[in-house]
Amino acid sequence: ERDGELYSPCGLAFSADGHLFISDTFTNRIQVFRADGTFACKFYSREKDGQLYLPKGIAFSPDGLLFVPEEENQQIQVFRADGTFVRKFDSNGVGDGLFDRCYALAFSPDGFLFVSDSNNHRIQVFQVDGTFVRKFGSRGNEDGQFNRPNGLAFSPDGHLFVSDSGNHRIQVLN
């Protein structure tokens with residue numbers, strides 16, 4: 001695909017300077033557009049640190065770093081807004097801090113990173129440096145349980161909205 005053309009856009013996030021970052025999942029890249037809609041730059045690929053494989057929902061941290069979850073690599077990579085690789089945290093599994101299909105993420109008003117760990121049917125919480133803090137949720141259809149949670153967003157008053165895709169609902173959590 002050519003620069004500025006989208007094949008499978010998934011995640012959206014605005015940088016502090018107003019650029020729109022788009023994860024284009026099946027082209028394994030992040031494309032960046034200026035406020036007027038013109039193409040600015042891209043970063044991509046899939047073989048090593050700083051390269052992407054099926055990026056999903058994206059978000060900027062309070063300090064301006066771009067966090068990118070990768071579905072297939074079971075990791076979150078962190079970049080500067082110019083596309084420079086900073087660090088990653090990863091591992092496939094079921095234990096604390098491990099992922100099985102991390103799809104989306106969002107930062108809480110107090111700066112914690114919330115990650116939808118879809119195939120583990122839970123939400124995990126990390127410090128901005130990637131340190132595991134806690135997890136919540138389990139497989140099921142009761143309140144606070146999930147069946148493949150995907151999208152995450154915080155309301156202005158701090159409530160967490162979770163798209164609980166397998167249960168066909170949105171849950172709102174305190």
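Residues numbered from 1 in each chain as written. Predicted model: local features only at pLDDT ≥ 70, side-chain atom pairs only at ≥ 80, totals over all residues. Heavy atoms only, no water.

(A) Geometry of the overall build of the protein. The secondary structure content of the protein amounts to 0 helices and 15 strands. Computed over the C-alpha atoms, the radius of gyration of the protein is 15 Å, within 12% of the 16 Å expected from 2.2 N^0.38 for a compact globule of 174 residues. Counting only C-alpha atoms and orienting by the principal axes, one finds that the protein spans roughly 45 × 35 × 30 Å. Counting across all 174 residues of the protein, residues that qualify as buried make up 45%. By sequence separation, contacts in the protein at least 24 residues apart represent 37% of the contacts at least 6 residues apart. Per element, the accessible surface of the protein, about 8,400 Å² overall, is 48% carbon and sulfur. Here the protein contributes 17 positively and 23 negatively charged side chains, and the mean placements of these two sets differ by 4 Å. (Helix = DSSP H or I, 4+ residues; strand = E, 2+ residues; numbered from the N terminus. Rg over C-alpha atoms; globule rule 2.2 N^0.38 Å. Buried < 20%, exposed > 50% of the residue type's maximum accessible area, 1.4 Å probe, protein only. Contact = heavy atoms within 4.5 Å. Areas by Shrake-Rupley, 256 points an atom, 1.4 Å probe, with all protein chains shown as cover. Lys, Arg positive; Asp, Glu negative; His and termini not counted. Charge placed at Lys NZ, Arg CZ, Asp CG, Glu CD.)

(B) Up close: the side chain of Gln77. Structurally, the position occupied by Gln77 is in strand S7 (residues 75-79). Under the relative-accessibility criterion, Gln77 is labelled buried at 0%. Within the structure, the side chain of Gln77 is placed 2.7 Å from the side chain of Glu70, a separation counted as a polar contact. Contacts of Gln77, omitting those with residues within four sequence positions, involve Asp49, Gly50, Gln51, Leu52, Leu66, Phe67, Val68, Glu70, Phe85, Arg87 and Lys88. (Polar contact = N/O pair within 3.5 Å; in protein donor to acceptor, adjacent residues only side chain to side chain.)

(C) Representation of the sheet that holds strand S3 (residues 29-33) within the structure. Reading across from one edge, S1-S2-S3-S4 is the order of the 4 strands in this open sheet, with antiparallel pairing throughout. Edge strands, defined here as strands with exactly one partner in the open sheet, are strand S1 (9-14) and strand S4 (39-44). When the angles between neighbouring strand axes are averaged without regard to direction, this sheet yields 20°. Inspection of the sheet shows strand S2 (residues 20-24) paired to S3 by 5 bridges, in the antiparallel sense. When the sheet's bridge partners are listed, Ser23 is paired in S3 with Ile30. (Pairing = 2+ DSSP bridges. Axes fitted to C-alpha atoms, helices over the stretch in contact; angles between N-to-C directions.)

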